[in-house]
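# Structural overview
So you can see what is in the structure, the chains are spelled out below.
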Amino acid sequence: GNSVTQMQGQVTLSEEEFLFINCTYSTTGYPTLFWYVQYPGEGPQLLLKVTTANNKGSSRGFEATYDKGTTSFHLQKASVQESDSAVYYCVLGDRDNNAPRFGAGTKLSVKP
Amino acid sequence: GPKVLQIPSHQIIDMGQMVTLNCDPVSNHLYFYWYKQILGQQMEFLVNFYNGKVMEKSKLFKDQFSVERPDGSYFTLKIQPTALEDSAVYFCASSSDWGIAEQFFGPGTRLTVL
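Throughout what follows, the structure given in this document is the object of discussion. Source: prediction; values computed, not measured.

Parameters and conventions
Residues numbered from 1 in each chain as written. Chains lettered and ligands numbered in written order. Predicted model: local features only at pLDDT ≥ 70, side-chain atom pairs only at ≥ 80, totals over all residues. Heavy atoms only, no water. Helix = DSSP H or I, 4+ residues; strand = E, 2+ residues; numbered from the N terminus. Rg over C-alpha atoms; globule rule 2.2 N^0.38 Å. Buried < 20%, exposed > 50% of the residue type's maximum accessible area, 1.4 Å probe, protein only. Contact = heavy atoms within 4.5 Å. Salt bridge = Lys/Arg side-chain N within 4 Å of Asp/Glu carboxyl O. Buried area = accessible area lost by both parts, 1.4 Å probe. Polar contact = N/O pair within 3.5 Å; in protein donor to acceptor, adjacent residues only side chain to side chain. Core = buried A, V, L, I, M, F, W, Y, C linked by side-chain atoms within 4.5 Å. Disulfide = S-S within 2.5 Å.

When helices and strands are counted, chain B shows zero helices and 11 strands. For 114 residues, the compact-globule formula gives about 13 Å, and the C-alpha radius of gyration of chain B, at 13 Å, lands near that figure. Referenced to the eigenvectors of the C-alpha coordinate spread, the extents of chain B come out at roughly 35 × 25 × 25 Å. Every one of the 114 residues in chain B was classed for burial, and the buried ones make up 47%. Taking contacts inside chain B between residues at least 6 apart in sequence as the whole, the part at least 24 apart equals 55%.

Dropping the structure here:
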């Protein structure tokens, strides 16, 4: 079945530093890949989505490339702000599998 | 943008009692989900629902849990009877399609079982 792995449970950065959050996935189908962001006290919200292999998605300065060769969908941002502090979830969706698969989440803390 | 509402925002209940969590999904969505999040931990899938049926459920979706959406009203999660380990925030989500469409999440219902 489908699965998503996020090995970094927590990332701590200072403002304007570079962000890299690791995500790898496993599937036998043709997935759509998502990054969701969850701010404290809220439900997750979509950050970006990529449906086609080897394409890149971007939003609000974040970007991620759907790399079929390495089965990865890492999230990057060139310069983080304190307001980016949140939990980031990598998610895999597939028409053939009913339930989207969430990674364990990575908590980003950005110090001013 | 489209919003999912959840009622109530907080619920405190004694162990063994029944509780119903209500979700008002995005109006034209047909696919519905419940997730459980224990404080400070990850989102965990419970169940998804389409056309009046449970399509998939996880190991966390115990026999004491049930879902329904009678006549296009609220999408509900009922727990009967509740247990201490059911204390968590429960998030409802809806989407316009399986798998490949964005899920819209509600703000969550914080359930405390005493």
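What follows deals with the overall build of chain A. Looking only at helices and strands, chain A has zero helices and 12 strands in total. The linear arrangement of helices and strands in chain A, starting from the amino end, is β-β-β-β-β-β-β-β-β-β-β-β. Against the compact-globule benchmark of 13 Å for 112 residues, chain A has a radius of gyration of 13 Å, which places it among compact chains. Principal axes of the C-alpha set define a box for chain A whose edges measure 45 × 30 × 20 Å. Classification of the 112 residues of chain A by burial places 46% in the buried group.

This part is about the pattern of salt bridges. When their charged atoms lie close together, side chains carrying opposite charge are able to pair. For the structure shown, the criterion picks out five salt bridges over all chains. Of the charged contacts, one joins Lys 56 of chain A and Glu 63 of chain A as a salt bridge, the two residues approaching to 3.6 Å between their closest N and O atoms. Taking the relative accessible area as the measure of exposure, Lys 56 of chain A reaches 53% and is therefore exposed. Residue classification places Glu 63 of chain A among the partly exposed residues on the basis of a relative accessible area of 30%. A salt bridge links Arg 95 of chain A to Asp 97 of chain B; the shortest N-O distance between them is 2.9 Å. Here Arg 95 of chain A is found in the loop between β10 (86–94) and β11 (97–102), whereas its partner Asp 97 of chain B is found in the loop between β9 (88–95) and β10 (104–105) on a different chain.

Now for the interface of chain A and chain B. Facing 21 residues of chain A, the contacting portion of chain B comprises 21 residues. Summed over both partners, the interface of chain A with chain B comes to about 1,800 Å²; 51% of that surface belongs to carbon and sulfur atoms. Remark: the boundary between chain A and chain B carries two salt bridges. Taking the shortest distance from any N to any O, the salt bridge between Arg 101 of chain A and Glu 56 of chain B comes out at 3.2 Å. The tally of links from chain A across to chain B stands at eight residue pairs in polar contact (both at pLDDT 80 or more). Looking at the side of chain A that touches chain B, the elements with two or more residues in it are β5 (32–38), β6 (45–50), β10 and β11 of chain A. When residues of the side of chain A that touches chain B are assigned to their parent elements, the largest contribution, five residues, is made by β11 of chain A.

So, on to the nonpolar core. Membership of the largest hydrophobic core comes to 26 residues, with the highest contact counts inside it found for Leu 19, Trp 35, Leu 47, Leu 48, Phe 73, Leu 75 and Tyr 88 of chain A. Of all elements in the fold, only β2 (10–14), β3 (19–21), β5, β6, β8 (62–65), β10 and β12 (106–111) of chain A reach the threshold of two or more residues within this core. Core analysis: the next-biggest nonpolar cluster, separate from the first, contains 23 residues, Val 4, Val 67, Phe 75 and Phe 104 of chain B among them.

In total, this model carries two disulfides over all chains according to the counting rule given. Across a sulfur-sulfur distance of 2.0 Å, Cys 23 of chain A and Cys 90 of chain A are joined as a disulfide pair. Because the torsion about its S-S bond is -65°, the bridge between Cys 23 of chain A and Cys 90 of chain A counts as left-handed. Taken together, the residues Cys 23 of chain A in the loop between β3 and β4 (24–26) and Cys 90 of chain A in strand β10 connect sequence positions 67 residues apart. Like Cys 23 of chain A, the residue Cys 90 of chain A is buried in the burial classification. Cys 23 of chain B shares a disulfide with Cys 92 of chain B; S-S distance 1.8 Å. Because the sign of the S-S torsion sets the handedness, a value of about -60° for the bond joining Cys 23 of chain B and Cys 92 of chain B places this disulfide among the left-handed ones.

Interpretation in functional terms is not warranted from these geometric data alone.
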